[in-house]
Amino acid sequence: MLHMIITFGDKMILEQPVESWPICDCLIAFYSSGYPLKKAEAYAALRKPFLVNELGQQHLLHDRRKVYERLEVFGIPVPKYALVNREFPYQELDYFVEQDDFVEVHGKRFWKPFVEKPVDGDNHSIMIYYPSSAGGGMKELFRKVGNRSSEFHPEVRRVRREGSYIYEEFMPTGGTDVKVYTVGPEYAHAEARKSPVVDGVVMRNPDGKEVRYPVLLTPSEKQMARDVCIAFRQAVCGFDLLRCEGKSYVCDVNGWSFVKNSYKYYDDAACVMRKMFLDAKAPHLSSTIPPTLPWKVNEPVQPSEGLTRQGSGIIGTFGQSEELRCVIAVIRHGDRTPKQKVKLKVTEEKLLNLLLKYNGGRPRAETKLKSAVQLQDLLDATRMLVPRGRSGRESDSDAEDLEHAEKLRQVKAVLEEGGHFSGIYRKVQLKPLKWTKVAKTTGEGEEERPVEALMVLKYGGVLTHAGRKQAEELGRYFRNNMYPGEGTGLLRLHSTYRHDLKIYSSDEGRVQMSAAAFAKGLLDLEGQLTPILVSLVSKDSSMLDGLDNASIEMEEAKARLHEIITCPRKGSNENGNAEVPWMLDGAGLPPNACGLLPKLVKLTKKITSQVKLLAKDEDEKLTQTGSYEVLPQYDQAKALGTTNIDVGRIAAGLPCGSEGFLLMYARWKKLERDLYNERKERFDITQIPDVYDSSKYDLLHNSHLNLESLDELFKVAQLLADGVIPNEYGINPSQKLKIGSKIARRLLGKILIDLRNTREEAISVAEPKSSMEQPLNGSRSITEELEAVSRCQLKIDDTRRLSSTSEKSLDQEDDDDKETQYRLDPKYANVRTPERHVRTRLYFTSESHIHSLMNVLRYCNMDDSLQGEASLVCDNALERLYKTKELDYMSYIVLRMFENTEVSLEDPKRFRIEMTFSRGADLSPLEYNDEVASSLHQEHTLPIMGPERLQEVGSCLTLERLEKMLHPFAMPAEDFPPPSAPQAFAGYFSKTGGVFERLASLWPFHKQANVTQGIDDGNTNGR
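Keep in mind it's a predicted model, so treat the numbers as computed, not measured.

Rules of the game
- Residues numbered from 1 in each chain as written.
- Predicted model: local features only at pLDDT ≥ 70, side-chain atom pairs only at ≥ 80, totals over all residues.
- Heavy atoms only, no water.
- Helix = DSSP H or I, 4+ residues; strand = E, 2+ residues; numbered from the N terminus.
- Buried < 20%, exposed > 50% of the residue type's maximum accessible area, 1.4 Å probe, protein only.
- Contact = heavy atoms within 4.5 Å.
- Areas by Shrake-Rupley, 256 points an atom, 1.4 Å probe, with all protein chains shown as cover.
- Axes fitted to C-alpha atoms, helices over the stretch in contact; angles between N-to-C directions.
- Parallel < 35°, antiparallel > 145°, perpendicular 65-115°, else oblique.
- Left-handed = near helix turned anticlockwise from the far one by under 90°.
- Pairing = 2+ DSSP bridges.
- Core = buried A, V, L, I, M, F, W, Y, C linked by side-chain atoms within 4.5 Å.
- Polar contact = N/O pair within 3.5 Å; in protein donor to acceptor, adjacent residues only side chain to side chain.
- Phe/Tyr/Trp six-rings, centres within 6.5 Å; stacked < 30°, edge-to-face > 60°.
- Lys NZ or Arg CZ within 6 Å of the ring centre and 35° of its normal.
- Expected span 1.5 Å × (residues − 1).
- Salt bridge = Lys/Arg side-chain N within 4 Å of Asp/Glu carboxyl O.
- Nonpolar A, V, L, I, M, F, W, Y, C, P; charged D, E, K, R; others polar.
- Arc of directions from axis to C-beta.
- Patch = residues over 30% accessible without salt bridge, like charges linked within 9 Å, V, L, I, M, F, W, Y side chains within 5 Å.
- pLDDT = per-residue confidence, 0-100.

### Focus: the overall build of the chain
Here's step 1: Across its full length, the chain holds 32 helices and 30 strands.
Here's step 2: Across the 1023 residues of the chain, 56% fall into the buried class.
Here's step 3: Partitioning the contacts of the chain with sequence separation of at least 6, the portion at a separation of at least 24 is 73%.
Here's step 4: Working note: accessible area of the chain is about 44500 Å², and carbon and sulfur atoms make up 50% of it.

### Some words on the packing of helix α21 (residues 661–675) against helix α22 (residues 688–701)
Here's step 1: Look at α21 against α22: their axes get within 10 Å of each other, and the N-to-C directions meet at 150°. Our classification of the angle between α21 and α22 gives roughly antiparallel. Two packed elements cross with a definite hand, and for α21 against α22 that hand is left-handed. On the side of α21, the interface is formed by M664, R667, W668, L671 and L675, while α22 contributes D690, V691, S694, S695, Y697 and D698.

### What about the sheet that holds strand β4 (residues 96–99)?
Here's step 1: Ordered in space as β4-β5-β6, the 3 strands form an open sheet in which the pairing is antiparallel. Here the strands that pair on one side only, and so sit at the sheet edges, are β4 and β6 (108–111). Between one strand and the next, the sheet's axes are offset by a mean angle of 15°, whatever the strand orientation.
Here's step 2: The pairing of β4 with strand β5 (residues 102–105) spans 4 bridges and is antiparallel. Each residue of the ladder has a partner; that of E98, found in β5, is V103.

### Quick word on the nonpolar core
Here's step 1: Ranked by internal contacts, the top residues of the largest apolar core, which has 47 residues, are L755, L872, L895, I913, M915 and L962.
Here's step 2: Taken together, the elements giving at least two residues each to this core come down to β17 (322–332), α14 (541–544), α25 (745–772), α27 (847–859), α28 (875–883), β27 (892–900), β28 (911–918) and α30 (959–966).
Here's step 3: Considering each element in turn, this core owes the most residues, 7 residues, to α25.

### Looking at the side chain of E323
Here's step 1: Inspection of the secondary structure puts E323 in strand β17.
Here's step 2: Side-chain polar atoms of E323 contact the side chain of R325, separated by 2.6 Å.

### Overview of the packing of aromatic side chains
Here's step 1: Applying the stated criterion across every chain yields a total of 22 aromatic pairs.
Here's step 2: Aromatic side chains F518 and F844 sit 5.2 Å apart centroid to centroid with 65° between the ring planes, which places their arrangement in the edge-to-face category. With F518 in helix α12 (residues 509–522) and F844 in strand β26 (residues 838–845), the pair connects residues that are 326 residues apart, well separated along the chain. The two residues F518 and F844 agree in class, both being buried.
Here's step 3: Chaining the aromatic ring pairs together yields one cluster made of F96, F114, Y129, Y165 and Y167.
Here's step 4: Lying across the ring of Y882, K885 places its NZ or CZ 4.5 Å from the centre.

### Some points on the sheet that holds strand β20 (residues 427–439)
Sheet strands pair by backbone hydrogen bonding; their relative direction is either parallel or antiparallel.
Here's step 1: The strand order across the open sheet formed by 4 strands is β18-β21-β20-β19, and the pairing between neighbours is antiparallel. The outermost strands of the open sheet, each flanked by one partner alone, are β18 (339–346) and β19 (367–369). Across the sheet, the mean angle from the axis of one strand to that of its neighbour is 25°, orientation sign disregarded.
Here's step 2: As paired strands, β20 and strand β21 (residues 446–460) are joined by 12 bridges and run antiparallel to one another. Residue W435 lies in a different strand from β21, and its bridge partner there is P450.

### Side note on α27
Here's step 1: The end-to-end C-alpha distance of α27, which contains 13 residues, comes to 18 Å, matching closely the 18 Å that a straight helix rising 1.5 Å per residue would cover.
Here's step 2: Where burial is concerned, most of α27 is hidden: 13 out of the 13 residues are buried.

### Focus: the pattern of salt bridges
When the charged atoms of two side chains lie near each other, side chains of opposite charge can form a pair.
Here's step 1: All chains considered together, the criterion is met by 67 salt bridges.
Here's step 2: Of the charged contacts, one joins D377 and K357 as a salt bridge, the two residues approaching to 2.7 Å between their closest N and O atoms. Note that D377 is positioned in helix α8 (residues 372–385) and K357 in helix α7 (residues 349–358), a separation of 20 residues in sequence.
Here's step 3: Looking at K357, the relative accessible area reads 52%, which means it is exposed.
Here's step 4: A salt bridge links R560 to E563, with the shortest nitrogen-to-oxygen separation between them at 2.7 Å. One end of the pair is R560 and the other is E563, both in helix α15 (residues 551–566) and 3 residues apart, which spans about a single turn.
Here's step 5: Overlapping salt bridges, with partners in common, bring together K144, D177, R193, E210 and R212 in one network.

### Points about the pairing of strand β9 (residues 138–145)
Here's step 1: Taken together, the 4 bridges between strand β8 (residues 126–129) and β9 define a ladder with antiparallel strand orientation. Paired with I126 across the bridge in β9 is L141.
Here's step 2: Strand direction decides the pairing type here: β9 and strand β10 (residues 148–153), joined by 5 bridges, are antiparallel. When the bridges of β10 are listed, M138 appears paired with H153.
Here's step 3: Between β9 and β10, which pair antiparallel in sequence order, lie 2 residues; one of them, G146, sits at a positive phi of approximately 65°.

### Some words on the pairing of β17
The two faces of a sheet get side chains in turn, since along a regular strand they alternate between them.
Here's step 1: Judged by how many residues are buried, β17 sits mostly within the fold: 11 of 11 residues are covered.
Here's step 2: Here 9 bridges tie β17 to β27, and the two strands are oriented antiparallel to one another. Residue pairing in the sheet places I328 in a bridge with L895 of β27.

### With respect to the packing of α8 against helix α9 (residues 399–416)
Here's step 1: At a minimum axis distance of 9 Å, the contact between α8 and α9 shows a crossing angle of 140°. As the angle between them shows, α8 and α9 are arranged oblique. Relative to α9, the crossing made by α8 is left-handed. Contacts between α8 and α9 involve L375, L378, L379, T382, R383 and L385 from the former and L408, V411, K412, L415 and E416 from the latter.
Here's step 2: Its residues assigned to classes, the contact of α8 with α9 comprises 7 nonpolar, 1 polar and 3 charged.

### Here's the deal with helix α3 (residues 64–73)
Here's step 1: Regarding α3, the residues found buried are R64, V67, Y68 and L71. The buried residues of α3 all sit within an arc of 95° when viewed along its axis, so they share a single face. In this structure, α3 carries E69 and V73 as exposed residues pointing more than 90 degrees from its buried face.
Here's step 2: Buried residues belonging to α3 abut β3 (81–84), β7 (114–118), β8, β11 (165–169), α4 (219–231) and β16 (247–255).
Here's step 3: Where α3 starts, the residue carrying a side-chain oxygen 2.9 Å from the main-chain nitrogen of R65 turns out to be D63.
Here's step 4: Two residues or fewer after α3 comes G75, characterised by a positive phi angle close to 70°.

### A closer look at a nonpolar patch on the surface
Here's step 1: Residues V73, F74 and I230 make up a contiguous nonpolar surface patch of roughly 260 Å² in combined accessible area.
Here's step 2: Relative to the helices and strands, F74 resides in the loop between α3 and β3.

### So, the confidence of the model for the chain
Here's step 1: The share of residues in the chain with pLDDT of 70 or more is 78%, and the mean pLDDT across the chain is 81.
Here's step 2: Scored below 50 in pLDDT, residues 626–639 shows 37 contacts in the model against residues more than four places distant or in partner chains.

In C-alpha cells form, the structure reads like this:
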C-alpha cells in the first residue's frame, strides 16, 4: 500500500496536545471557522510533514487588503481599488469624499457602479452601488441563503461608514462569474456560474447543487492560476476570476476549495496529489506510476450532436442538417411617455450663478445639469423665483412675462416630479446668450459676466410600466421561439458559454431599460432592472444614437413633405408607377391630407382646453399648500421594476405614471402652439407625429379621464402620421436608401462583422473536426497525426490572419466589445458539442434606426453598383411593408444564420440567412378585437405582433449575397476602432495546444507516457 489516510477528529484537534497527534508524512490542513490554525502550525513545526497548503500563509486570506497586496506583488491583475481604513466606526476621514455618483479616496475617484468590500475576509456582505443614470440603489451580495445570493435595495444610495472597506471599480462580466480551482501550480479547473450581481437567484440542479459548467482557461488565466497557487503557497486553492472586456482579474482568493460534483475533477486531483506526495516523500517511485488512474484509460468518446436544429418553420423546412449559428436582432424600445422640451430665456441672477457654478466660472461656456446635486440646486433656485400666489391681472398683463412665469412653473413641476432625481430622465442645458463687463470683486479690473442665457429642459420619454412588460414578454418569446430545438434550453446554452450573448443599447434611458427588461425575460431573471442593466447591457451611442449624419437629407425630405401636404397640386407626383405605390413620392399619405390639418388643430385645442380645467384645480392647491402635500409621490426607481399600473393614482383620478395635470396641460398647450402658427397662418407638419404620440398615449394610459373627442383626434392624427413618419426618412425609395444608409451605416457594418465572425468561427471548428474524424487505430503514426494537426492549425491561423487584416473579422468591435471568446472545457462538461456555440447580438435603439435599417434592406438593389439585382426583400413583403404604416414600440428586425453541415465548406449555401420583422405593438388603443387585446388594454398594454417573413417560403438567401448587397452601405471593418491585444486564445481549436490536448485524450497514456507528458506540460488546465 502506497498511501494510508488518517483523519484527525475534532476531539483530537481541539482537546489533545500536538505531541499526541498521529505522525504523518503529508498534511492537509486548512482554516475554517473555529479551527485552531496556530495549533496546526505548532504540529507542523514539530513533525515537519509535507504541507499541501502552507499554514502561515493562510492568515493572509482573512484580510482582503493583504490578499490584494500579495496579488499585486506577484503581478496578478486585480480590479482598480482603494482602501478606506477606519480606527473606529463612523470615523470621519479627510481623504474620503462621497458624492451622489462617486466616492473619492486619496484623490482616486470611483464612479458608480462601484463595489464596496469589508476588509475582513470572513465578512461576505459585499455591496454594489448603482448610478442615478441607471436608477440608483444598491445590491448586497452574501453567502447563499436558500436560493438567494443577493438582494437589491433601490432606496439605499449612501455607502457604509461603520468599518474599513475596499472600494473597487465594478467590472461588467456579461452576467457570469468564473471559479478557479488549483491542485498544485500545474493544474487548474474552472467553472462558470450565473453571477449573483444579476438577479441574485441561485440556479440549482435536481440534487440541490448550484448549477455550474466547466470552462476552458486562456493561457494567461492559466498563468494567473499558477501564480496564485505559488503566491499564497496553497496547492489546493480556489479563487474568483472576473472576465471583462477581453481581460481577466482576480477579485478574491478563498484558500482550500474544491469542485463539488465532478468525478473527472476528483480523478484528476487524485493523480496530481499522488504525484505531489510521491515527489515530496518517495521520488524514486514517482516516475514509475502512470499519470492516469488505471480504470480511466481508453474511455469512449461521446458522439457529437447539433446544437440547434432548424425546424423553425418561418420560411420553410431545410432539413435536419442545418444548425443555428447566429441570431442578430435590432429592436425598438418599449412604450414610453411623450418626449418633452421646455425652452426659455433667463436673466435671473440665481440661474446665471448656477451657470457659472457648473461651467467652471467661464462666462461664455454652456453647461449641462444632470446629477441629483445639480438638479436640486436648480429646483431650489426655481422655487424662489416662482411666486407662491398669482398676482393681479394688471401686473401680469405682459404676454411674454406671463409665458415666462408659466415656463418657470413648468420647470419647477418637472423637477419636483418623482420625488428624487435621476439623470436618465431629466437634463437641463444652460447656454449663455449675452454678456457684460463688471468690476471684479477684488476691485482690480473688470471681468465678463453673462446677463442672459437659454435654458433648455428635456424630460419625458420614460419607459412606462407597459413598456417594461412588453420588453420582458418579447424576451421570453425570443427565448422560446428564436432558438429552434432549444426551447428553455437556451438558459443552459447561455450558462455553458455556448451562447455568446452581447446586448447593446443607445444612450437613451428608455432604450437601456428596454434592453434590461428584454434580458430579464430572455434569460429568465428576477428582480429589479438596474443590476441587470449594469451587468448585461453595453452602451454604444455612436452606433445606435443620433441622426446627425443624415440631418441635411432629412430636412430636405420634410420640406418636400410639407409641400406635398399643404400644396397638393404643386406636390403632385408625376413620377413612379401606380402599380407599385411605394415607389411614388410621399407614398402612404392620405389623399385629403391638406383638409385634415385644420381638423387636427381644432381637436387639439379642444383637448387642451379640457386638460387646462383639470390643471387649474391642481395649480390652485399647489399655490396654497406646496406640491409635496398635494401630489402622491411617484418613486421612479421603484417603478423601474414593476410592470403593473399604479392603481392608486388611477383610482384618485390622476394621470397614469408620474405626470400631473400641470405637466399634462403644458404638453398639450405646447402641441397646440407649435402645430399651427396663427400669426403666420402656417402649419408645422413635423408636429403631427407628436400629436399622434400624445393622443395615443392618453387613449391608452389616461382613458379614465374621459377626455371628449380624444378618440376622434387620434383617428385624424393616425391618418396623417401613417404617411408623415415613414416619409420623414425619405420621400421616395431612392432618398430612403440614402438617408437609411447614413443613419445605419455603422450598425450595418457591425452586423456584417457579426455574421463574418460566426462564419469564420464555424469553419475553424469544422475543418480540424473533419480532419480528426479519421481513425487513430495505428494506421497513421503519432508523427503523422501531429503533422496533420499542425497543417489544420496552419490553415486556421491563415484564415484568421487574413480575416484579421482584410476584414478585421475576429469580432473586431469598438472599445466596449473586446472579444476574447470563452468556451466550455470538453473534458469535464456534460455537453456533447462543447466546441459549437450560438452567437447572439441584440441592438436596442429608436424608431429612426429601425426605419433606416429596413429601408436599406428593401431598397439596397437600387444602388448604382447593384443594378440588375433583385431586392433582398420579396415582392410580397414589399407590399406588406408598404401597408405597415408604423414600426411601433418593440418592433424588430431579426437575421438568423444557419449552417448546413452536409454541404462543403466552399459551397455558398453552407451559410443561409433568414430575415424576419415584427411591426411591434402595432394595435390601435381603440381596438378590442379579442379577449387578449381587451385584457391587455385594461393593463394599459398593447400586444406585440408576431414575426413576418421578408423572403419567399423556401427561398435561400446566402451570406455571400447578403454581404454583396449590404457592403456599399456598411461601414468598412477597417474603420472600426482596433481591437485590444489578443490573449492568445480565441476558441476551442484556436491554438495547437488545444488540438494536441484532444489528440492526447485519445491515446493510451501508459503506452505513450513520454509523448503525452510533453503535451501536458504545455497545458495546465488538467493533466
